Structures are given as C-alpha cells and as structure tokens.
Amino acid sequence: MRITIIGSGNVATHLSAAFKNAGHRIVQVYSRNMHNAALLAYHVGAEAIDSPREITGDTDLFILAIKDDAIAEFVPHLFSFNKLIVHTSGAVELQQLLNFTNNAGVFYPLQTFSKTKEVNFREVPLCIEGADEAITKMLEGLARDISNNVYRVNSAQRKVLHLAAVFACNFTNHLYSVGEQLLAGSDMSFDMLRPLIAETADKIKDHRPADVQTGPAVRNDDLTMQAHLQMLNKQPDLQEIYTRLSQDIIKNHNSGNGDK
C-alpha cells in the first residue's frame, strides 16, 4: 500500500519502519517541524513536508499519528482526497473521523514507544476499528502484515483499554521515578531496584497480578506502613499516594482477589 504518515513522533517512527519493512511504501511524512519530518522520511524513503498544502492524494491511506486534540483539527486537510483516514489514538472515538468522512478507521498500537529503542512490532497488539466491515477487514490485513496480535476493538472498548494502559504502564513508570528519587536522596542507585522490577514483570506473564501481589499492605504489616508514612512526613503528596494505594491493595486482597 501507499501510506502517508501525519506525524513524526514515537508512534509515527515505529509504524513507518514496520510498514516499510513489510514492503509497503511510505509516500510522505508530514510534521510541523521540517527537521523531524526529514529525519523520518530519510529512513523510510519518503518525501518530507511541513505544510498541509503539500499533502497529495497520491496515497491509499492517511495515518494520523499526532496528539489526540489535533486529530479533529487536521482531518479537514485530508478528507477531500477521498482516501482512507485512520488515527492511532487509544482515547479518541472513531466518530471524530466520521464527522468528516465515512472512509475512516482506527489503527491503535498498544505499546509504549521511544524513537531510540527498537521494538519487535510482531509482538505489538494492534487494535482495529473500521467504519464498515470492508474497511475493518482491510485494516486487519494491513495489521497482520506487521503484527501477530491483531484485535477488533470498538471505540468504547478502546477507551477502557487505554485507561487500563495508563494505570498499568504510565502510572507504574511514574512510581519507578518516585522510587529512583527516594533512593537518590540516600545516595543509592536505581540499579538496585531493577532486578525486583524485572521479577515482578516476569511473574505476571503467567499469573493474574492480584495473585502475585506482595508487600506490607497484603501482609497487613501496619507498623511497617506507619513507619513508611513517617519517612514521608515532609512529602505529603507521596504520603497520600502511599496511603491510597495501600488501602486499595488491602481492599482488593480482602475481597478474595489475592493471597499473601
């Protein structure tokens, strides 16, 4: 397929590479920043552009890999070409595209991306939604060209999936950062936590998270939790996070969803 990429960030970078490696042609890469557009376009053999006026209809598919709040603003530059338009957002409903065109869909990769870290796209879950069955099947076929994990997920389901991903990934990563800051305050390295984090992640490959929960809240170690809170007495925001998370773990454990 001939594909035009709108965006030059992490998602755009990895999707473009995956499509190119699968034999598809990237026609144009658009970014407001010409340097970013040119860098990505160079790697995938495409034309770099930084103005919507330079976008051509010589493509089969427009992929919007841009900020959520920019999607509806950008579609008016594209729908007159009468080509398929998809976005890659987990939080934006398909309806935002249907407000402009029926030739629309969603191509949402459920993964965290960084430009400087390679990802095995074959393992990335791709969540597909189309305006009709024909579009859905076409997007499924395209998705299978680059991934072994393809799912039909409607807009309502995708919003829940995105919310779950924020809790499981974004919030968890922030807590890693909190742990790093606490260690740095006592002249210790975050490297000391890496094996613990890796083992926790490894456990949930084969088990429900609730079944492998550990820590003072599960064990009802009240003295330990009170000592931790005392250590955070100059950081009330962290005290609140600690308290709320501990209470939720206790509630989840007492409901029968986990063991000590």
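The rules behind each value
- Residues numbered from 1 in each chain as written.
- Predicted model: local features only at pLDDT ≥ 70, side-chain atom pairs only at ≥ 80, totals over all residues.
- Heavy atoms only, no water.
- Core = buried A, V, L, I, M, F, W, Y, C linked by side-chain atoms within 4.5 Å.
- Buried < 20%, exposed > 50% of the residue type's maximum accessible area, 1.4 Å probe, protein only.
- Helix = DSSP H or I, 4+ residues; strand = E, 2+ residues; numbered from the N terminus.
- Contact = heavy atoms within 4.5 Å.
- Phe/Tyr/Trp six-rings, centres within 6.5 Å; stacked < 30°, edge-to-face > 60°.
- Expected span 1.5 Å × (residues − 1).
- Arc of directions from axis to C-beta.
- Polar contact = N/O pair within 3.5 Å; in protein donor to acceptor, adjacent residues only side chain to side chain.
- Salt bridge = Lys/Arg side-chain N within 4 Å of Asp/Glu carboxyl O.

Draft legend 1. Fine view of the nonpolar core. Membership of the largest hydrophobic core comes to 31 residues, with the highest contact counts inside it found for Phe19, Ile26, Val29, Ile63, Phe107, Phe121 and Ile146. Breaking this core down by element, the ones donating at least two residues are strand E1 (2–6), helix H1 (10–21), strand E2 (25–30), helix H2 (34–44), strand E4 (61–64), strand E5 (84–87), strand E7 (125–130) and helix H5 (133–144). Discounting residues that sit within four places of it in the chain, isoleucine 63 has contacts with Ile3, Thr4, Ile5, Ile6, Leu15, Phe19, Val86 and Thr88. Core analysis: the second largest hydrophobic core is formed by 19 residues, Ile49, Leu64, Leu97 and Val153 among them.

Draft legend 2. Summary view of the packing of aromatic side chains. A complete count under the given rule lists 6 aromatic pairs for this structure. Between phenylalanine 79 and phenylalanine 100 the ring centres are 6.0 Å apart and the planes differ by 35°, which places this aromatic pair in the tilted class. Within this pair, whereas phenylalanine 79 is found in the loop between helix H3 (71–74) and E5, its partner phenylalanine 100 is found in the loop between helix H4 (95–98) and strand E6 (104–109), the two being separated by 21 residues in sequence. Residue classification places phenylalanine 79 among the partly exposed positions, given a relative accessible area of 37%.

Draft legend 3. Quick look at H5. Here H5 is 12 residues long and its end C-alpha atoms lie 16 Å apart, about the 16 Å a rise of 1.5 Å per residue gives. Taken together, the buried positions of H5 are occupied by Ile135, Thr136, Leu139, Glu140, Leu142 and Ala143. Projection of H5 onto a plane perpendicular to its axis shows the buried side chains occupying an angular sector of 165°, all on one side. Facing away from the buried side of H5, by more than 90 degrees, are the exposed residues Ala134 and Lys137. Where the residues of H5 are buried, they touch H1, E4, E5, E6, E7 and strand E8 (149–152). Measuring from the side-chain oxygen of the N-cap residue of H5 to the backbone nitrogen of alanine 134 gives 3.2 Å; that N-cap residue is aspartate 132.

Draft legend 4. Focus on the environment of glycine 9. Tracing the chain through its elements places glycine 9 in the loop between E1 and H1. C-alpha separation for the pair glycine 9 and alanine 37, spaced 28 residues apart in sequence, amounts to 9.2 Å.

Draft legend 5. Just the pattern of salt bridges, in detail. Summed over the entire model, instances satisfying the criterion amount to 11 salt bridges. Measuring nitrogen to oxygen at the nearest pair gives 3.0 Å for the salt bridge that ties aspartate 211 to arginine 208. Classification of arginine 208 as partly exposed rests on a relative accessible area of 45%. Here aspartate 221 and arginine 219 are joined by a salt bridge, their closest N and O atoms 2.8 Å apart. In this structure arginine 219 comes out as partly exposed when scored by relative accessible area, which is 42%. Among the ionic contacts, a cluster of salt bridges with common partners joins Arg2, Asp58 and Asp60.

Just distances and angles here, no functional claims.
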